[in-house]
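Remarks on the overall topology
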Amino acid sequence: MLAADAVCTVPQQDRYRAYVTSRLPAILHQPMHVASASREVRPRSEPLAGLIVTTGLFAEHRRDRVSSYIALADSATDLLLRPVSVTGLRTIETGLDQTALYGEVTGALGPHVTATAGLRAFRYVREASGTVEQPNLITGTASIAPGRFTTSENGVTWKARLLWKSGSCLLAYLWFADGFRPGRVNITFAPTGAERSYHSDALASYKAGLQARRRGVQL
Amino acid sequence: MIDTILSGDSAFGYDANVGDADIDGAEVAAAVSLSPALTLFLVGSWTDAGLAEDQRSPAAPGQGSAGDRVPDVPRLAGNASLAWSGRVADRMRLDAPLDVLGRGAHASQFDPAIAGYARTPAQVQLDGHVVMEHTRWSLSLTMRKLLNERRPDQILVTGLGERQSFGPYPRAILLTLAGRI
């Protein structure tokens, strides 16, 4: 191994160049195994005093395992060469456990207007781990830190909708909602502490729509 | 917003919270009955997605700036579908839509100055479906990429400076037979 400030000799550079050339063309081959179970209970009430109430409980448990090969490809077809000639191999395991409790209420505000409001409380836990089975000397995967890392978060999202309907030909709506994508853990290289995991992002959306129908044309 | 950025040596991508983004968009959809059995569906959308602030991740080899377009989001997309639907025999109906799907070009990074910037050109795809439905069974034939287009779905740049295109699936034919018990 070279020190950080060392420089390869010309013969060393030639040997490295020959090695890289011998590993081309290369292909990324990632067979993946996924096991996921989702459960949801969603009771919905009959109209009661002009209101329809929906509640729900959601739970997901997911685990996956990826074997990430950099291997030689067939120069004629660009497909994986078999038997597989491995340049580098990492295994990555990730998991997601999330639960949510939600509810919404729909009621009429008048003869033509319907309103809906809802809340959803969530919690998720992400975990990830990686192992370098065979370091890739070209891309430097040997520097991937081993170990299991987790990130988790709680939160509440909401939504509201106003629907205006005039006969069977005209419908307008306003929709306000916020949502999120869960954060997760980076294990694809050797990150700093701040880069190791990232939190969820929030999405606030506002949508206005109009639907019209007339003589065989619907807009 | 969560986005994928390249590591310092450009060898790997990793995800990070990069800052706020504003996305404005509009979609127009129309369905026109040309005859009792023939319907034309048209959908067009416009999306303007951009960073609302300068990128927060200091470790990225390049920095997105407020106003830069969000990567991998085409500004224009749309599809047109001509669908025939009708009864062909007692208790049997046939649906046969022909779809043209298109999307505009998009870039892989916020800015051309950021390492790994590449543009994926616009593409058009032609799909066809035939579904025969009986009260007890259904038979469907789906044909994707009828013209066998070979344009890449996405183009990226590696740390070695080489372009890699993550190619689309080729022309595909799917036959499905389903029964009701």
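1. Focus on the overall build of chain B
If you tally the helices and strands in chain B, you get zero helices and 13 strands. Helices and strands appear in chain B in the N-to-C order β-β-β-β-β-β-β-β-β-β-β-β-β. Counting all 181 residues of chain B, 13% fall into the buried class. Considering only contacts in chain B between residues 6 or more positions apart, those separated by 24 or more positions represent 54%.

2. Considerations on the overall build of chain A
Regarding its fold elements, chain A presents two helices and eleven strands. Listing the helices and strands of chain A from first to last along the sequence gives α-β-β-β-β-β-β-β-β-α-β-β-β. In terms of overall size, chain A is more extended than a compact globule, its C-alpha atoms giving a radius of gyration of 27 Å where 219 residues would be expected to give roughly 17 Å. By principal-axis analysis of the C-alpha atoms, chain A measures approximately 85 × 45 × 35 Å. The buried share of chain A, reckoned over its 219 residues, is 11%. Here the contacts in chain A between residues at least 6 apart in sequence split such that 63% fall between residues at least 24 apart.

3. Focus on the interface of chain B and chain A
Taken together, the contacts link 15 residues of chain B with 17 residues of chain A. Those elements that provide at least two residues to the side of chain B that touches chain A are β2 (13-17) and β3 (21-33) of chain B. Here the side of chain B that touches chain A is composed, by residue class, of ten nonpolar, three polar and two charged. Across two bridges, the pairing between strand β11 (residues 217-218) of chain A and β3 of chain B is antiparallel. The residue of β3 of chain B that forms the bridge with Q218 of chain A is A31 of chain B.

4. Comments concerning the environment of F149 of chain A
Position of F149 of chain A relative to the elements: it lies in strand β6 (residues 147-166). Residue F149 of chain A is classed as partly exposed on the basis of its C-beta count, with 17 C-beta atoms lying within 10 Å.

5. Section: the pairing of strand β7 (residues 170-181) of chain A
Residues and elements named next belong to chain A. The pairing of β6 with β7 spans eight bridges and is classified as antiparallel. Looking at the pairing, K165 lines up with L171 of β7. Counted along the chain from β6 to the antiparallel partner β7, the turn is three residues long, and its residue G167 has a positive phi close to 60 degrees. Inspection of the sheet shows β7 paired to strand β10 (residues 201-214) by twelve bridges, in the antiparallel sense. Bridge pairing links G179 to L203 in β10.

6. Observations concerning the nonpolar core
Counting 13 residues, the largest nonpolar core has I5, Y14, A16, A21 and L51 of chain B as the members making the most contacts within it. Only β1 (2-6) and β2 of chain B provide two or more residues apiece to this core. The contact partners of A16 of chain B, leaving out residues within four places of it in the chain, are E195 and Y198 of chain A together with D3, I5 and S57 of chain B.

7. A word on the environment of P47 of chain A
As for its position among the elements, P47 of chain A is in the loop between β2 (32-41) and β3 (51-72). In this structure the C-alpha to C-alpha distance between P47 of chain A and E195 of chain A, which are 148 residues apart in sequence, comes to 50 Å.

8. Considerations on unusual backbone geometry
Residues and elements named next belong to chain A. Note that the residue after L24, namely P25, is joined by a cis bond; omega there is -5 degrees. By the element assignment, P25 lies in the loop between α1 (10-22) and β1 (26-29). Between R82 and P83 the backbone carries a cis peptide bond, its omega angle lying at 0 degrees. Along the chain, P83 turns up in the loop between β3 and β4 (86-108).

9. Side note on the confidence of the model for chain A
For chain A, the average pLDDT comes to 90, and 95% of its residues sit at 70 or higher. Within chain A, β2 of chain A carries the highest mean pLDDT (97), whereas helix α2 (residues 193-196) of chain A carries the lowest (79).

10. Considerations on the confidence of the model for chain B
When pLDDT is averaged along chain B, the result is 86, and 88% of the positions lie at 70 or above. Two numbers describe this predicted complex: its pTM, 0.75, and its ipTM, 0.71.

11. Re the environment of L72 of chain A
Residue and element names in this part refer to chain A. Structurally, L72 is set in strand β3. Along the sequence, L72 and Y19 sit 53 residues apart, while their C-alpha atoms lie 12 Å from each other. Aside from chain neighbours lying at most four places away, what touches L72 is R23, A26, L81 and S85.

Quick notes on the rules
- Residue positions are counted from 1 within each chain, in the order its sequence is given.
- A letter from A marks each chain and a number from 1 marks each ligand, given out in the order of writing.
- With the structure being a predicted model, the display of local features is reserved for residues of pLDDT at least 70 and the display and counting of side-chain atom pairs for 80 or more, all residues being used for whole-chain, interface and lining totals.
- Each helix is a run of H or I in the DSSP string that is no shorter than four residues. Each strand is a run of E no shorter than two, and both are numbered from the N terminus.
- Here a residue counts as buried when 20 or more other C-beta atoms sit within 10 Å of its C-beta, as exposed when there are 12 or fewer, and as partly exposed otherwise, the C-beta atoms being derived from the backbone.
- Distance between backbone-placed C-beta atoms decides contact: two residues are in contact if it is within 7 Å.
- The globule rule used here is 2.2 Å times the number of residues to the 0.38 power, and the radius of gyration it is set against is calculated over C-alpha atoms.
- Think of it as three bins: nonpolar holds Ala, Val, Leu, Ile, Met, Phe, Trp, Tyr, Cys and Pro, charged holds Asp, Glu, Lys and Arg, and polar takes everything else, Gly as well.
- Any two strands are treated as partners once DSSP identifies two or more bridges connecting them.
- We call a set of buried Ala, Val, Leu, Ile, Met, Phe, Trp, Tyr and Cys residues a nonpolar core when their C-beta atoms link them within 7 Å.
- How sure the predictor is of each residue is captured by pLDDT, a score from 0 to 100.

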